[in-house]
Amino acid sequence: MSVQSKLLTLAFDPNFRRKAKIGAVSFGAALLAYNVYKLLRGKENKVEVYKKKRKSVFDKEFLFRLSYLFKIMIPRLFCKESGVILIHSIILMLRTFLSIYVAALEGRIIKAIVQKDISQFIYQISKWLFVAVPATFINSMIRFFESYLGLAFKIRLTSHAYNEYFKNQVYYRVSNLDSRLLNADQCLTEDITMFCSSVAHLYSHLTKPIFDIALISITLINYARRREAGGTIAPPMFMAAAVIFGTAQILKCISPRFGDMVAEEANRKGNLRYLHSRIIANSEEIAFYGGHEAEKNLLVKAFDKLNEQTKSIFKKRIVYIMVEQFLMKYLWSGTGMTMIAIPILFSNSTIFDNEPDGGVSERTRGFATAKNLLYSSADAAERLMTSYKEVTELAGYTSRVYNMFEVMDDVRNGKYQRQTVNVSETLEIENERFDTSYIDGKIEISSGGEIELIQVPIVTPNGDVVVKNMAIKITPGMHVLITGPNGCGKSSLFRILGGLWPVYRGRLRRPAKHQLYYIPQRPYMTLGTLRDQIIYPDTHHQMHQKNITDIDLMQILKTVHLIHIIEREGGWDAKNDWMDVLSGGEKQRVGLARVFYHSPQYALLDECTSAVSIDVEDKIYSSMKDQGITLLTVTHRPTLWKFHTHLLKYDGEGGYKFTPMDTNVNQRLSFADEKEEVEKRLREVPLLKQRLKELCKALDEENNSDSSETITVE
Ligand SMILES: Nc1ncnc2c1ncn2[C@@H]1O[C@H](COP(=O)(O)OP(=O)(O)OP(=O)(O)O)[C@@H](O)[C@H]1O
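Just so it is clear, the structure is predicted and the values come from calculations on it, not from any experiment.

## Describing the overall build of the protein
In terms of regular secondary structure, the protein is built from 22 helices and 12 strands. Burial analysis of the protein (714 residues in total) assigns 25% to the buried set. A separation of at least 24 residues holds for 79% of the contacts in the protein among residues at least 6 apart in sequence.

Written out as structure tokens, the structure is:
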């Protein structure tokens, strides 16, 4: 017999097929057992590692952070939020009572069916339908109060966060002086929203099952007592406790760190959002450079990184959900059946034996009611267990939101942390480093309006020292011109005067902040009307309080040669995207108009006239001086020298010179002007010579002006 025919015979042999089936099942079972063994071995090791390495979700830190945030969300015992929680809790409890009532009602309906009692059946079923009305209302109220609570928490937390963010220039400091909070916008919007909805959701997801388990257990015990089955309650209760406890332990062991993973996902989302906002803000520059490919690559990379993290969360959930479903759906159902059966099977009660049907319908009713109640409490326990995953996720959001408040608090109090590059590895030049971890400088308000720096170093947020020690005194009326090479710390001096950068050492005396008005290199236009641009950061109301009218504003615009834009843009109340609508020079002139509006003691002018024509610049500078404003100007334009009385010159190596602009300096300026004039004339010489040649040719004369050939132009 050939091999094929032998195989065919075997395939049709029923005995062989039975044996093969047993073999296949045994093999499958062995494989499964091996895999489970492997999984458990692996988990065992992991459990050990977890125990050593990771802390429980409910660790002290998490609880501390949560209680910190709760104090913000529920500031007092009697506040709106605690009222919402109270009403929400009452509604949740009502829902539990309703579930118990419905379970009992279903038992009675089943009894009526077993007894074939039509009138009783109709009566009970109408009651059941009637109960549906309050049940649906309560269900929808539960959802409403859950969302309402989340919103109430969000309002509290967000308004607290906004207050913190705009106190003491925190919005500037978190992004410029500290590197811990990379995406403040993400934290202030998405993270707070996710945290609040997670807290509100968890509140109802934990409270309702707890009510369910407590009230249903009491009802079940009372049931068993009434049926004289009290003696058989203990074993089912013990079984339930053992199964629930065992499930909780297993799930805890196999649960991945969802909190950390969710926090990382939020971080990556923030990064992606940041890249998008950069593209929107710099679209013109990117378009001019043709940088779309480079920007797209950055976006795609960030998007891929986010997707990787999301996928990894999905994958980690597969095994977790499998085990969770097995334990809670199958193991628990089996245990539940056994628990209900034990009191019925082993009870010696004879109270229903005298009934016409020998107690069958009553036992069926008891079974149905108990089964419903048990299912409800099993469902409640399941919800409690699944909440573990949500609690770990909440831990992630809690850490992000708490971290945001912590960083804001730190930077407000002048405590900064910044990742700095190791200088010795990256920079060849010798650069002095500064310990920025503590701030020892003092800031005082000067009574006479003078600005004085006493041994104040200029230090960048990275700790680089740009000027070792600055000691200068500027009094009102001393117009100071500030010059020096790029990156030597000219604008940084203004940052220190404006309180943006800390005074790490020494002493700074300056007038009150509103007496210093800073006009930066890059003009900033706010959202709002044309008027809002001139009076920024005042509001229209504040303008009225200062007794300034639109006519005064027109006068200001005349001074800065911008009067035409009122008509062009459609009046003072015209709204526009002013960053785009105004030209570079117009934006700079709007900036200068603000100086006239605020009329401060000092105007800190940081190359803010580079796009303004020289004649207009001259007039504006003269007007500012006429108004009694002291000018501190950073500029490379020699034409502005004449408006200043003092010169602060950086050498670019940590040193500087502060001298009066004496006649020497002014003489240098007139020499410089003359040199420029001579050079201009020399540049015209070749053209003049060429023209002379042409004229001589036309007149048929000999060109005798060769002496001019001796002139050389450099
Ligand atoms: N937010 C910041 N974080 C870290 N370093 C900074 C920051 N802002 C400026 N710096 C550094 O501080 C140093 C001084 O900068 P500053 O803006 O004062 O230069 P500048 O003299 O005004 O130069 P320029 O003439 O080019 O405007 C530079 O080395 C710069 O890199």
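Here the narrative resumes, following the displayed structure.
## Some details on the sheet that holds strand S6 (residues 516–519)
Pairing is mixed in the open sheet, where six strands are placed in the order S6-S9-S10-S4-S11-S12. Edge positions in the sheet fall to S6 and strand S12 (656–660), since each of these pairs with one other strand and no more. On average, each strand axis in the sheet is inclined to that of its neighbour by 15°, with strand direction left out of account. Against the sheet, helix H20 (residues 584–598) engages S6 and strand S9 (602–606), with an angle of about 170° to S6.

## Description of the nonpolar core
Counting residues in each nonpolar core, the largest one holds 53 residues, and the members touching the most others are Ile519, Ala593, Val595, Ala603, Leu604 and Leu605. Residues within four places of Ala603 in sequence aside, it is in contact with Tyr517, Ile519, Val595, Met624, Ile629 and Leu631. Residues Ala200, Leu394, Ala395 and Tyr416 belong to the second largest nonpolar core, which totals 33 residues.

## Some thoughts on the sheet that holds strand S1 (residues 442–445)
Backbone hydrogen bonds hold the strands of a sheet together, and the pairing may be parallel or antiparallel. The mixed open sheet is built from four strands, whose spatial order is S1-S5-S2-S3. The strands lining the two open edges of the sheet, one partner per strand, are S1 and strand S3 (465–474). Between one strand axis and the next, the sheet turns by 25° as a mean value, whatever way the strands run. Summarising the sheet, strand S2 (residues 451–459) and strand S5 (residues 507–510) pair through three bridges and their orientation is antiparallel. What sits directly across from Ile454, in S5, is Arg507.

## Remarks on the UniProt feature "transmembrane region" (unreviewed entry) in the protein
The UniProt record marks residues 20–40, 84–104, 125–145 and 233–251 with the feature "transmembrane region" (unreviewed entry), using the residue numbering of this structure. Along residues 84–104, the helical share is 100% and the strand share 0%, with 31 Å between the first and last C-alpha atoms.

## Focus: the site of the ligand
In the neighbourhood of the ligand, the contacting residues comprise Asn176, Thr460, Pro461, Asn462, Val466, Asn486, Gly487, Cys488, Gly489, Lys490, Ser491 and Ser492. In terms of residue count, the dominant contributor to the shell around the ligand is helix H14 (residues 490–497) (three residues). Partitioned by chemical class, the residues of the shell around the ligand number three nonpolar, eight polar and one charged.

## Some points on the packing of helix H3 (residues 60–73) against helix H5 (residues 118–165)
A pair of packed helices can be characterised by two numbers: the angle between their axes and the separation between those axes. Between H3 and H5, the least distance of the axes is 8 Å, while the angle of their chain directions is 95°. As judged from the angle between their axes, H3 and H5 are roughly perpendicular. Along the contact surface, H3 presents Leu69, Ile72 and Met73, while H5 presents Phe153, Arg156, Leu157 and His160. Taken together, the residues of the contact of H3 with H5 break down into five nonpolar, one polar and one charged.

## With respect to H14
The element H14 is largely enclosed, with a buried count of six among its eight residues. Within the span of H14, buried status applies to Lys490, Leu493, Phe494, Arg495, Ile496 and Leu497. Immediately downstream of H14, the backbone of Gly499 shows phi near 80°, a positive value.

## Notes on the pairing of S9
Among the five residues that make up S9, five are buried, leaving the element largely enclosed by the rest of the structure. Bridging between S6 and S9 involves four bridges; their strand directions are parallel. If you follow Tyr517 over to S9, its bridge partner there is Ala603. Where S9 lies against strand S10 (residues 630–634), five bridges are found, and the strand directions are parallel. Residue pairing for S10: Tyr602 is matched across the bridge by Thr630. Where the polypeptide runs from S9 across helix H21 (residues 614–626) and back to S10, its parallel neighbour, the crossover connection is right-handed.

## Description of the packing of helix H4 (residues 80–114) against H5
Interhelical geometry of H4 versus H5 gives an angle of 160° and a closest axis separation of 8 Å. If you check the angle between H4 and H5, you find them roughly antiparallel. Once H4 is placed against H5, the crossing between them reads as left-handed. Residue composition of the contact of H4 with H5, by class: 27 nonpolar, three polar and six charged.

## A closer look at the environment of Gln627
Along the chain, Gln627 turns up in the loop between H21 and S10. Sequence separation between Gln627 and Ser599 is 28 residues; the distance between their C-alpha atoms is 7.7 Å. Leave out the neighbours within four places in its chain, and Gln627 touches Phe596 and Ser599.

## Some remarks on the confidence of the model for the protein
Across the protein, pLDDT averages 81, with 81% of residues at or above 70. Contacts from residues 1–12, a stretch scored under 50 in pLDDT, to residues over four places away or in other chains number two contacts. The low-confidence segment residues 705–714, where pLDDT is below 50, has seven contacts with residues more than four positions distant or belonging to other chains. If you check the scores for this complex, the pTM reads 0.67 and the ipTM reads 0.95.

## Some points on H3
The terminal C-alpha atoms of H3, which comprises 14 residues, lie 20 Å apart, in line with the 20 Å expected from a rise of 1.5 Å per residue. Turning to H3, its buried residues are Phe62, Leu69 and Met73. Take H3 and look down its axis: the buried residues cluster within an arc of 50°, on one side only. Away from its buried face by more than 90 degrees, H3 exposes Lys60, Phe64, Ser67 and Lys71.

## Notes on the environment of Arg95
Along the chain, Arg95 falls in helix H4. With residues up to four places along the chain from it excluded, the contact list for Arg95 reads Ile138, Ile142 and Lys208.

## A look at unusual backbone geometry
Residue Pro537 is reached from Tyr536 by a cis peptide bond, and omega for that bond is 5°. With respect to the secondary-structure elements, Pro537 resides in the loop between helix H15 (530–535) and helix H16 (540–545). The backbone phi angle of Asn168 is positive, close to 50°, even though this residue is not glycine. Residue position: Asn168 is located in the loop between H5 and helix H6 (170–176).

## Section: the pairing of S12
In this sheet, S12 lies alongside strand S11 (residues 646–650) in antiparallel orientation, the contact comprising five bridges. Each bridged residue has a counterpart across the sheet, and for Leu647 the counterpart in S12 is Thr659. Between S11 and S12, which pair antiparallel one after the other, the connecting turn spans five residues, and Gly652 there sits at a positive phi close to 80°.

## What about the environment of Arg589?
The topology assignment puts Arg589 in helix H20. Between the alpha carbons of Arg589 and Ala611 there is a distance of 9.0 Å; along the sequence they are 22 residues apart. When sequence neighbours within four positions are dropped, the list of residues in contact with Arg589 reads Val560, His561, Leu562 and Val612.

So, how was this worked out
Residues numbered from 1 in each chain as written. Predicted model: local features only at pLDDT ≥ 70, side-chain atom pairs only at ≥ 80, totals over all residues. Helix = DSSP H or I, 4+ residues; strand = E, 2+ residues; numbered from the N terminus. Buried ≥ 20, exposed ≤ 12 C-beta atoms within 10 Å, placed from the backbone. Contact = placed C-beta atoms within 7 Å. Pairing = 2+ DSSP bridges. Axes fitted to C-alpha atoms, helices over the stretch in contact; angles between N-to-C directions. Core = buried A, V, L, I, M, F, W, Y, C linked by C-beta atoms within 7 Å. UniProt positions renumbered as here; feature names shortened; annotations may be inferred. Near = placed C-beta within 6 Å. Nonpolar A, V, L, I, M, F, W, Y, C, P; charged D, E, K, R; others polar. Parallel < 35°, antiparallel > 145°, perpendicular 65-115°, else oblique. Right-handed = clockwise from strand over helix to strand, strands pointing away. Left-handed = near helix turned anticlockwise from the far one by under 90°. pLDDT = per-residue confidence, 0-100. Expected span 1.5 Å × (residues − 1). Arc of directions from axis to C-beta.

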